[in-house]
Amino acid sequence: MNKKVLAVMRTLWITLSLFGLTGFVPSKPLNAEPAPLLVRITQVDTAQFPRVTVYISVTDNEGNPVEVSPSQLVLAENGQEMKLEDVKGIGEREEPLITLLIMDVSGSMNAAGKLEAAKEAARAYVNQTRPNDLTGLLIFNTRVIYEQPITQD
(Lines give C-alpha, C1' and ligand atoms only; values in the text may rest on other atoms or scores of the structure.)
Protein backbone atom coordinates (compact mmCIF):
# COMPACT_ATOMS: atom_id res chain seq x y z
CA MET A 1 0.00 0.00 0.00
CA ASN A 2 1.20 3.48 -0.70
CA LYS A 3 1.85 6.04 2.05
CA LYS A 4 -1.30 8.08 1.31
CA VAL A 5 -3.57 5.04 1.67
CA LEU A 6 -1.87 4.06 4.93
CA ALA A 7 -2.23 7.63 6.23
CA VAL A 8 -5.94 7.67 5.37
CA MET A 9 -6.46 4.25 6.96
CA ARG A 10 -4.61 5.40 10.09
CA THR A 11 -6.74 8.57 10.21
CA LEU A 12 -9.96 6.57 9.80
CA TRP A 13 -8.86 4.15 12.52
CA ILE A 14 -8.11 7.05 14.87
CA THR A 15 -11.46 8.64 14.04
CA LEU A 16 -13.35 5.37 14.50
CA SER A 17 -11.45 4.74 17.70
CA LEU A 18 -12.42 8.16 18.96
CA PHE A 19 -16.07 7.63 18.09
CA GLY A 20 -16.31 4.04 19.21
CA LEU A 21 -13.92 3.72 22.08
CA THR A 22 -13.47 7.18 23.50
CA GLY A 23 -15.62 8.71 26.15
CA PHE A 24 -15.66 11.97 27.97
CA VAL A 25 -16.12 11.40 31.65
CA PRO A 26 -16.57 14.24 34.10
CA SER A 27 -13.75 14.20 36.63
CA LYS A 28 -16.14 15.75 39.14
CA PRO A 29 -19.89 16.37 39.14
CA LEU A 30 -20.92 18.87 36.45
CA ASN A 31 -23.81 20.19 38.51
CA ALA A 32 -25.78 19.38 41.63
CA GLU A 33 -28.98 18.49 39.76
CA PRO A 34 -29.91 14.81 39.63
CA ALA A 35 -30.85 15.06 35.93
CA PRO A 36 -28.31 13.33 33.68
CA LEU A 37 -26.25 15.32 31.20
CA LEU A 38 -25.66 14.22 27.63
CA VAL A 39 -22.05 14.57 26.43
CA ARG A 40 -21.70 14.10 22.66
CA ILE A 41 -18.73 14.16 20.33
CA THR A 42 -19.92 16.52 17.58
CA GLN A 43 -16.81 16.61 15.40
CA VAL A 44 -13.42 14.96 15.11
CA ASP A 45 -10.86 16.96 13.12
CA THR A 46 -7.84 14.99 11.93
CA ALA A 47 -6.59 17.65 9.48
CA GLN A 48 -3.42 18.13 11.57
CA PHE A 49 -2.85 14.43 12.25
CA PRO A 50 -1.35 13.12 14.52
CA ARG A 51 -2.91 16.01 16.45
CA VAL A 52 -6.63 15.25 16.71
CA THR A 53 -9.15 17.92 17.70
CA VAL A 54 -12.36 16.67 19.30
CA TYR A 55 -15.40 18.94 19.66
CA ILE A 56 -18.08 18.08 22.20
CA SER A 57 -21.43 19.41 23.34
CA VAL A 58 -22.98 18.99 26.76
CA THR A 59 -26.75 19.31 27.16
CA ASP A 60 -29.26 18.72 29.94
CA ASN A 61 -32.17 16.28 29.64
CA GLU A 62 -34.22 18.96 27.81
CA GLY A 63 -31.52 19.56 25.20
CA ASN A 64 -30.37 22.90 26.60
CA PRO A 65 -26.62 23.60 26.43
CA VAL A 66 -24.80 23.29 29.74
CA GLU A 67 -21.65 25.26 30.46
CA VAL A 68 -18.79 22.98 31.46
CA SER A 69 -15.31 23.93 32.52
CA PRO A 70 -12.76 22.16 30.31
CA SER A 71 -10.96 21.12 33.50
CA GLN A 72 -13.94 18.88 34.27
CA LEU A 73 -13.35 16.63 31.26
CA VAL A 74 -11.25 13.52 30.85
CA LEU A 75 -10.57 11.97 27.43
CA ALA A 76 -9.94 8.22 27.43
CA GLU A 77 -9.17 5.73 24.67
CA ASN A 78 -9.41 2.01 25.40
CA GLY A 79 -9.72 2.91 29.07
CA GLN A 80 -6.45 4.83 29.06
CA GLU A 81 -6.55 8.54 29.89
CA MET A 82 -5.05 10.60 27.08
CA LYS A 83 -2.90 13.68 27.56
CA LEU A 84 -4.83 16.78 26.57
CA GLU A 85 -2.69 19.53 25.10
CA ASP A 86 -5.18 22.34 24.61
CA VAL A 87 -8.70 22.38 26.04
CA LYS A 88 -10.94 25.39 25.44
CA GLY A 89 -14.55 26.24 26.07
CA ILE A 90 -16.56 27.86 23.27
CA GLY A 91 -16.28 31.28 24.89
CA GLU A 92 -12.50 30.96 24.90
CA ARG A 93 -12.21 30.54 21.13
CA GLU A 94 -10.25 33.35 19.57
CA GLU A 95 -11.15 32.70 15.93
CA PRO A 96 -14.63 33.56 14.69
CA LEU A 97 -17.32 30.91 14.54
CA ILE A 98 -18.87 30.78 11.06
CA THR A 99 -22.45 29.52 10.88
CA LEU A 100 -24.93 29.15 8.05
CA LEU A 101 -28.48 28.93 9.36
CA ILE A 102 -30.76 26.89 7.10
CA MET A 103 -34.48 27.52 7.44
CA ASP A 104 -37.46 25.71 5.92
CA VAL A 105 -39.99 28.36 4.81
CA SER A 106 -42.31 25.99 2.95
CA GLY A 107 -46.05 25.95 3.50
CA SER A 108 -45.82 23.14 6.05
CA MET A 109 -44.03 25.55 8.39
CA ASN A 110 -47.15 27.76 8.60
CA ALA A 111 -48.99 25.18 10.72
CA ALA A 112 -48.88 25.42 14.52
CA GLY A 113 -46.60 28.46 14.52
CA LYS A 114 -43.55 26.48 13.37
CA LEU A 115 -42.19 29.26 11.15
CA GLU A 116 -42.45 31.90 13.89
CA ALA A 117 -40.78 29.52 16.35
CA ALA A 118 -37.95 28.89 13.85
CA LYS A 119 -37.52 32.65 13.30
CA GLU A 120 -37.38 33.25 17.05
CA ALA A 121 -34.80 30.49 17.47
CA ALA A 122 -32.70 32.04 14.67
CA ARG A 123 -32.94 35.50 16.31
CA ALA A 124 -31.93 34.07 19.68
CA TYR A 125 -28.97 32.31 18.09
CA VAL A 126 -27.76 35.42 16.24
CA ASN A 127 -28.21 37.57 19.38
CA GLN A 128 -25.87 35.33 21.38
CA THR A 129 -23.05 35.30 18.82
CA ARG A 130 -19.86 37.20 19.58
CA PRO A 131 -18.96 40.39 17.65
CA ASN A 132 -16.36 38.60 15.48
CA ASP A 133 -18.60 35.59 14.64
CA LEU A 134 -20.05 35.32 11.13
CA THR A 135 -23.56 34.11 10.27
CA GLY A 136 -25.53 33.65 7.07
CA LEU A 137 -29.03 32.48 6.19
CA LEU A 138 -30.16 30.00 3.55
CA ILE A 139 -33.91 29.50 3.13
CA PHE A 140 -35.73 26.85 1.14
CA ASN A 141 -39.17 25.79 0.04
CA THR A 142 -39.49 24.67 -3.61
CA ARG A 143 -36.11 26.32 -4.28
CA VAL A 144 -33.05 27.32 -2.28
CA ILE A 145 -32.32 31.02 -1.71
CA TYR A 146 -29.10 32.36 -0.20
CA GLU A 147 -31.05 35.00 1.74
CA GLN A 148 -28.21 36.51 3.77
CA PRO A 149 -24.56 35.99 2.84
CA ILE A 150 -22.15 35.27 5.68
CA THR A 151 -21.70 38.52 7.65
CA GLN A 152 -20.75 39.92 11.05
CA ASP A 153 -23.76 42.25 10.94
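Because the structure is a prediction, the values reported are computed rather than measured.

Thresholds applied
- Residues numbered from 1 in each chain as written.
- Predicted model: local features only at pLDDT ≥ 70, side-chain atom pairs only at ≥ 80, totals over all residues.
- Heavy atoms only, no water.
- Helix = DSSP H or I, 4+ residues; strand = E, 2+ residues; numbered from the N terminus.
- Buried < 20%, exposed > 50% of the residue type's maximum accessible area, 1.4 Å probe, protein only.
- Contact = heavy atoms within 4.5 Å.
- Areas by Shrake-Rupley, 256 points an atom, 1.4 Å probe, with all protein chains shown as cover.
- Patch = residues over 30% accessible without salt bridge, like charges linked within 9 Å, V, L, I, M, F, W, Y side chains within 5 Å.
- Salt bridge = Lys/Arg side-chain N within 4 Å of Asp/Glu carboxyl O.
- Pairing = 2+ DSSP bridges.
- Core = buried A, V, L, I, M, F, W, Y, C linked by side-chain atoms within 4.5 Å.

Notes on the overall build of the chain
- The secondary structure content of the chain amounts to 2 helices and 8 strands.
- Its helices and strands in sequence order give the chain the pattern α-β-β-β-β-β-β-α-β-β, from N to C terminus.
- In the chain, which comprises 153 residues, the share counted as buried stands at 22%.
- Taking contacts inside the chain between residues at least 6 apart in sequence as the whole, the part at least 24 apart equals 49%.
- Roughly 11100 Å² of accessible area belongs to the chain as shown, and the carbon and sulfur atoms make up 56% of that amount.

A short note on a nonpolar patch on the surface
- A contiguous nonpolar patch, built from I98, L100, I102, Y146 and I150 and spanning about 480 Å² of accessible area, is present on the exposed surface.
- Of all the elements in the fold, those that place two or more residues in the nonpolar patch are β6 (98-104) and β8 (144-151).
- Among the elements that make up the nonpolar patch, the one with the highest residue count is β6 (3 residues).
- Along the chain, I98 falls in strand β6.
- Residue classification places I98 among the exposed residues on the basis of a relative accessible area of 55%.

Quick word on the pairing of strand β4 (residues 73-77)
- Burial analysis of β4 places 4 of its 5 residues in the buried class, the great majority of the element.
- The pairing of β4 with strand β5 (residues 80-81) spans 2 bridges and is classified as antiparallel. The residue bridging E77 from the neighbouring strand is Q80, located in β5.
- Linking two consecutive strands that pair antiparallel, namely β4 and β5, is a turn of 2 residues; a positive phi of about 55° is found at N78 within it.

A look at the pairing of β8
- When strand β7 (residues 134-140) meets β8, the two strands line up antiparallel, connected through 4 bridges. Within the sheet, the bridge partner assigned to L137 lies in β8 and is Q148.
- Here β7 folds back onto β8 in antiparallel fashion, the turn holding 3 residues.

Comments concerning the nonpolar core
- Counting 6 residues, the largest nonpolar core is built from L101, M103, M109, L115, A122 and I139.
- When contributions to this core are tallied by element, the ones reaching two or more residues are β6 and α2 (114-127).
- Leave out the neighbours within four places in its chain, and L115 touches M103, D104, V105, M109 and N110.

Brief notes about the side chain of S106
- With respect to the helices and strands, S106 occurs in the loop between β6 and α2.
- With residues up to four places along the chain from it excluded, the contact list for S106 reads F140 and N141.

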